[in-house]
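Structure assessment
Letter by letter, the chains look like this.
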Amino acid sequence: MRTQPGATVRAVNALLRPYGRRLGPDPASESACTIGGVVANNSSGMSCGTHANAYRTLLALNLVLPSGTRLDTGRPDADDELRRTEPALHAGLLELRDRVRENADSLRTIRRLFAIKNTMGYGVNAFLDHDQPADILAHLVVGSEGTLAFVASATFATVPAPRFASTGLLVLPSLAEAAAVLPEVAATQPASIELMDTGSLMVATRGERAPAGLRADTLAAQAALLVPRQLGLCRNRVALR
């Protein structure tokens, strides 16, 4: 899916829906957040973790560099074009790539920090994941908060959008009991699991769409698991006692 930066995630997903696809990043603010922001923040959301965030699903960027140079990293000759138009930048990216790869401490640190959800600072894992400077640059732009280039358009690989999905709120007597049942819930292969303590539940009761069975005056030590489930992927059931 190739889209300009001003389109919202919700608008793009609406176009993809007839094809049974969607964007990998699933920020809660999808109705307002734009593709430019998704790229600038390396947006992920609850369900896509590190496997389907903006960084991992990005295929190409159409960039305008501070010098005014335009670069479409999706073109077969993108790296040659970057070398021709921005030789110092191209050489600098190669130098940084090799310096990172030759330092064992840097390798260990980068692999550890980017094995988990990480949107702090530049995505220096790009120096390990990609070889050509044009591809490295495109993935450094993801999460750069607009400091490296203007994104004129972005091309993403899409992910399957299940035809049916539901969200369950599983309320248990205590935080310990909610944590204890996590392995059983995880075995159903949900999209994600969010653990909510009593305070979180009390805040949730203020919403207009709060479940009828959940009231602030009935909460004492309860906790809950918020479980979005992609029904097409779930094979098991969990029994809560």
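Reference entry: report on the structure contained in this document. (Residues numbered from 1 in each chain as written. Predicted model: local features only at pLDDT ≥ 70, side-chain atom pairs only at ≥ 80, totals over all residues. Heavy atoms only, no water.)

**Some details on the side chain of Asn-53**
Within the secondary structure, Asn-53 is located in the loop between helix 2 (35–41) and helix 3 (54–57). A relative accessible area of 8% places Asn-53 in the buried class. A polar atom in the side chain of Asn-53 sits 2.9 Å from the backbone nitrogen of Arg-56. (Helix = DSSP H or I, 4+ residues; strand = E, 2+ residues; numbered from the N terminus. Buried < 20%, exposed > 50% of the residue type's maximum accessible area, 1.4 Å probe, protein only. Polar contact = N/O pair within 3.5 Å; in protein donor to acceptor, adjacent residues only side chain to side chain.)

**Quick notes on the pattern of salt bridges**
Any two side chains of opposite charge can pair, on the condition that their charged atoms come close. Counted according to the given criterion, the structure contains 10 salt bridges. Note that Asp-129 and Arg-56 form a salt bridge whose closest N and O atoms lie 3.5 Å from each other. One end of the pair, Asp-129, is in helix 7 (residues 126–129); the other, Arg-56, is in helix 3, and 73 residues separate them in sequence. Its relative accessible area of 43% is what places Arg-56 among the partly exposed residues. For Asp-77, the salt bridge identified is with Arg-75, shortest N-O distance 3.1 Å. Where salt bridges share partners, they join Asp-79, Asp-80 and Arg-83 into one cluster. (Salt bridge = Lys/Arg side-chain N within 4 Å of Asp/Glu carboxyl O.)

**Observations regarding the sheet that holds strand 4 (residues 70–72)**
Read from one edge to the other, the open sheet built from 4 strands follows the order 1-5-3-4, with strand pairing classed as antiparallel. Across the chains shown, the open sheet's two edge strands, defined by having one partner strand only, are strand 1 (2–3) and strand 4. Note that strand 1 and strand 5 (residues 150–156) share 2 bridges and pair antiparallel. Residue pairing across strands places Arg-2 opposite Thr-155, the latter belonging to strand 5. (Pairing = 2+ DSSP bridges.)

**Remarks on helix 8 (residues 133–141)**
Most of helix 8 is tucked away: 8 of the 9 residues are buried. Within helix 8, burial applies to Pro-133, Ala-134, Ile-136, Leu-137, Ala-138, His-139, Leu-140 and Val-141. Downstream of helix 8 by a residue or two, Gly-143 has a phi angle that is positive, lying close to 85 degrees.

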